[in-house]
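Observations on chain architecture
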Amino acid sequence: MRNASLDRRTLLKSAAAASAATLLHAPALAQSAPRVTVIGGGFAGATCARELKRSGVAVTLVEPNATYTACPFSNNVLAGLRPLSAQEFGYDAIRRDGVTVAQQRTSSIDPQAKQVALADGGRLDYDRLVLAPGIDLRFDALPGYDEAAAQTMPHAWKAGEQTTLLRRQLEAMDDGGTVVMSAPANPFRCPPGPYERASLIAHYLKTQKPRSKLIILDAKDAFSKQRLFQNAWTPLYPNLEWISLSSGGKVTEVDVKEKTLVTDFDRHKADVANVIPPQRAGLIAQLAGIADRSGWCPIDPVTFESRQQPGIHVIGDACIAGGMPKSAFAANAQAKVCAAAVAGLLRGETPVQPKLINTCYSLVAPDYGISIAGVYHPANGVLADVEGAGGVSPIDAPPSFRALEATYADTWFQTITTEVFG
Amino acid sequence: MRTAGTIVTCLMALAAPAAAQSAAPAGASSCSGCHDARIASPAIPPLKGRPAPEIVAAMEAFRNGGREATVMGRIAKGYTDDETRAIAAWFSQR
């Protein structure tokens, strides 16, 4: 009753018709189906919302943006191989499934009252909450690199305007220019992503601006699919240079006015600079008190329930998923397992021990794909690699194998975006 | 061991009609990240509605290297025979 009257009061204040419809439904549903709120409409959140709905749960998906811009394949946009529009997906199909989509920013979460407050004043009561906030870029971690600096030296690590900005800078650069990239220490979204990006930008330079060069300054000594990337770079991209942590690659400061990336040993003046800064779980994770000191969210590997806040589940890039990387494939796989666990918990069932897959493709060139795969299960409180499974593409495969993996990469993107948004 | 495995599989099959719509066996839900019935791709075939013995045989061949693969050899090695049979039975009923 308290909630019903609260909803009515909120309703009077609400100007948004869409939100009003959501609130009108809430009291009736409270009597029948259990209610789950999912915050974040990316690969993890959108998948989870649809799966929960299919299992008979009343679901509200809270996502401030009307359109989702996918990161996988956005490196192709940077290389001029694909329009940004091919990365954009809406929520109409998810609405048609019966999921209530609240296009709102979340202002706060009250885990005790089990209530989410939205920026428009609306409130959502939940039986269980799923958070899929993705990442926030840390604008406090690298001296000189703040949100304003990202307008000059884009990160393009969340696809959208930043992708377009970096693409325009690459297009405007003269032949003979220098592109400097900065890659962060682990963990971060899409471990092979910086190296796929370097490859595809190098491909663009090779074909359009052959006197140009690309330098990757890295805060690590090792990276995902490293041997495969380096094996391909030697013949394909002689103008691509990777400087490891041990070789002085860690960027310690950014000089925006000089468009220069500073390391302990050198200053790298760039014509185009792409700074991929350190990251943490999205802001909502900090609001909900589910992130630990690392900035990421510890979870139970069976149910994805937060180790810090009972009743709140965390999926996708924001969670600490043991051996699973922060990838769209992993987010989608986790979302399906989490949805089954949440639906089961609401029915009073004991969750089953899950098994999950991750597969990540990277393009070294448009017709040259490489992959990493893994199978994971709960062990010792974390999602651990199933021993004997997984691994990367063979180092000595013929061009036909690389071409086949490039085809699979393309098909995977079509399939997963259809499952999540189509 | 094989007898025990067969009994488990039979029990799962008996339980299947009630659970068919909701409960995917462990390891099944990740597959649709690549194998979706709505994308008519000859490169990555859908699994829904496929005869269970076909899926079991393919997984076995991927695992022992009898069938050429890119990622499926690496993935199949992460599944036991019992898990594969349960997953195959589930997909065949969908």
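Since we're looking at a predicted model, the values are computed, not measured.

**Quick word on the interface of chain A and chain B**
Each partner contributes to the interface: chain A provides 35 residues, whereas chain B provides 23 residues. Across the chain A to chain B interface the summed buried area is about 2400 Å²; carbon plus sulfur atoms make up 60%. By the criterion of area lost to chain B, the three top residues of chain A are Lys355, Ile357 and Thr415 of chain A, representing 24% of everything that side buries. Counting the contacts that link chain A with chain B gives 2 salt bridges. The partner of Arg74 of chain B in a salt bridge is Glu405 of chain A, and the shortest N-O contact between them spans 3.7 Å. Where chain A meets chain B, there are 11 residue pairs in polar contact (both at pLDDT 80 or more). Among the secondary structure elements, those contributing two or more residues to the side of chain A that touches chain B are helix H10 (328-346), strand S22 (356-365), strand S23 (368-379), strand S25 (391-392) and helix H11 (399-421) of chain A. Classifying every residue of the side of chain A that touches chain B by side-chain character gives 18 nonpolar, 13 polar and 4 charged.

**Focus: the nonpolar core**
Residues and elements named next belong to chain A. Core analysis: the largest hydrophobic core is formed by 131 residues, its most contacted members being Leu52, Ile109 and Trp233. Two domains each donate at least three residues to this core, and these are domain 1 (2-134 + 282-351) and domain 2 (141-278). If we ignore the near neighbours within four places in the chain, the residues touching Trp233 are Tyr195, Ser199, Ile216, Phe223, Pro238, Leu240, Trp242 and Val364.

**So, the sheet that holds strand S15 (residues 260-263) of chain A**
All names here are of chain A. Pairing in this open sheet of 3 strands is antiparallel, and the strands run S14-S15-S16 from one edge to the other. Looking at strand neighbours, the two that pair on one side only are strand S14 (251-255) and strand S16 (267-269), the edges of this open sheet. Here the average twist between neighbouring strands, direction ignored, is 20 degrees. As paired strands, S15 and S16 are joined by 3 bridges and run antiparallel to one another. Bridged to Val262 within S16 is Arg267.

**Details of the side chain of Asn274 of chain A**
All names here are of chain A. Summarising the element assignment, Asn274 is placed in strand S17 (residues 272-275). Separated by 2.9 Å, the side chain of Asn274 and the backbone oxygen of Pro154 make a polar contact. A polar contact of 2.9 Å, which involves the side chain of Asn274, links it to the backbone oxygen of His155. Excluding anything up to four places from it in sequence, Asn274 contacts Pro154, His155, Ala156, Leu166, Val180, Met181, Ser182 and Arg197.

**Considerations on the pattern of salt bridges**
Residues and elements named next belong to chain A. As enumerated under the stated definition, the model contains 23 salt bridges over all chains in all. In this structure, Glu51 and Arg54 form a salt bridge, with 3.0 Å as the shortest nitrogen-oxygen distance. Of this pair, Glu51 and Arg54 both sit in helix H3 (residues 43-54), 3 residues apart, which is roughly one turn of the helix. Assessed through its relative accessible area of 52%, Arg54 is described here as exposed.

**Focus on the confidence of the model for chain A**
For chain A, the mean per-residue pLDDT works out to 93, and 92% of the residues sit at or above 70. Ignoring residues within four places in sequence, the model shows residues 1-31 of chain A, a span with pLDDT below 50, making 28 contacts including any to other chains.

**Description of helix H2 (residues 52-64) of chain B**
Residue and element names in this part refer to chain B. With 13 residues, H2 extends 19 Å between its outermost C-alpha atoms, agreeing within 8% with the 18 Å of an ideal straight helix rising 1.5 Å per residue. Among all positions in H2, only Ala52, Ile55, Ala58, Met59, Ala61, Phe62 and Arg63 are buried. Where H2 is buried, its residues contact helix H3 (72-76) and helix H4 (81-92).

**A closer look at the pairing of strand S7 (residues 115-118) of chain A**
Residues and elements named next belong to chain A. Residue alternation in S7 divides its side chains into two sets, Gln115 and Ala117 and Val116 and Leu118, and both sets are buried. Here strand S6 (residues 106-110) pairs with S7 via 4 bridges, running antiparallel. Paired with Ile109 across the bridge in S7 is Val116. Linkage of S6 to S7, two consecutive antiparallel strands, is achieved through a turn of 4 residues, within which Lys114 is found at a positive phi near 55 degrees. Pairing geometry for S7 and strand S8 (residues 123-125), over 3 bridges, is antiparallel. Across the sheet, residue Ala117 finds its bridge partner in S8, namely Arg123. Connecting S7 to the next strand, S8, in antiparallel fashion are 4 residues, including Gly121 with a positive phi near 95 degrees.

**Quick word on the domain arrangement of chain A**
Residues and elements named next belong to chain A. One can read the domain layout of chain A as domain 1 (2-134 + 282-351) and domain 2 (141-278). Each of domain 1 and domain 2 was reduced to a C-alpha centroid, and the two centroids are 32 Å apart. For the domain 1 and domain 2 pair, buried surface summed over both sides reaches about 1500 Å², with 64% attributable to carbon and sulfur atoms. When residues of domain 1 are sorted by the area they lose upon contact with domain 2, Asn75, Leu78 and Lys326 head the list and together hold 40% of the total. Between domain 1 and domain 2 we count 1 salt bridge in total. The shortest N-O distance in the salt bridge between Asp317 and Arg189 comes to 2.6 Å. Taken together, the links from domain 1 to domain 2 amount to 6 residue pairs in polar contact (both at pLDDT 80 or more). It is helix H4 (residues 74-78) that contributes the most residues to the side of domain 1 that touches domain 2, 5 residues altogether.

Calculation rules
Residues take numbers from 1 onward in each chain, read along the sequence in its written order. Each chain takes a letter, starting from A, and each ligand takes a number, starting from 1, following the order in which they are written. Under the rules for a predicted model, residues below a pLDDT of 70 receive no local features and side-chain atom pairs below 80 are neither given nor counted, while totals for whole chains, interfaces and linings still include all residues. Only hydrogens and water are set aside when side-chain values are computed; all heavy atoms of the structure are taken into account. Note on definitions: a residue-residue contact is assigned when non-hydrogen atoms from the two residues lie within 4.5 Å. The term buried area refers to how much accessible surface (probe radius 1.4 Å) is lost by two components on association, counted for both of them together. Here, a salt bridge means any Lys or Arg side-chain nitrogen found within 4 Å of an Asp or Glu carboxyl oxygen. Polar contacts, as used here, are pairs of N or O atoms within 3.5 Å; protein pairs need one atom able to donate a hydrogen and one able to accept it. Residues neighboring in sequence count only if both atoms are side-chain atoms. Helix numbers and strand numbers start at the N terminus; a helix is a DSSP run of H or I with at least 4 residues, a strand a run of E with at least 2. Note on residue categories: nonpolar means Ala, Val, Leu, Ile, Met, Phe, Trp, Tyr, Cys or Pro, charged means Asp, Glu, Lys or Arg, and polar means any other residue, Gly included. In this description, a nonpolar core means a group of buried Ala, Val, Leu, Ile, Met, Phe, Trp, Tyr and Cys residues linked to one another through side-chain atoms lying within 4.5 Å. Residue burial is assigned from relative accessible area. The probe radius is 1.4 Å, only protein chains are included, and a residue is buried under 20% of its type maximum, exposed over 50%, and partly exposed in between. Either an automatic procedure or a domain database provided the assignment from which the domain bounds are taken. Two strands qualify as a pair provided DSSP detects at least 2 bridges between them. To define axes, lines are fitted to C-alpha atoms, for helices over the stretch in contact only, and angles between the resulting N-to-C directions are given on a 0 to 180 degree scale. As a per-residue measure, pLDDT tells how confident the predictor is, with possible values from 0 to 100. Expected span of a helix, by definition, is 1.5 Å for each gap between consecutive residues, and there is one gap fewer than residues.

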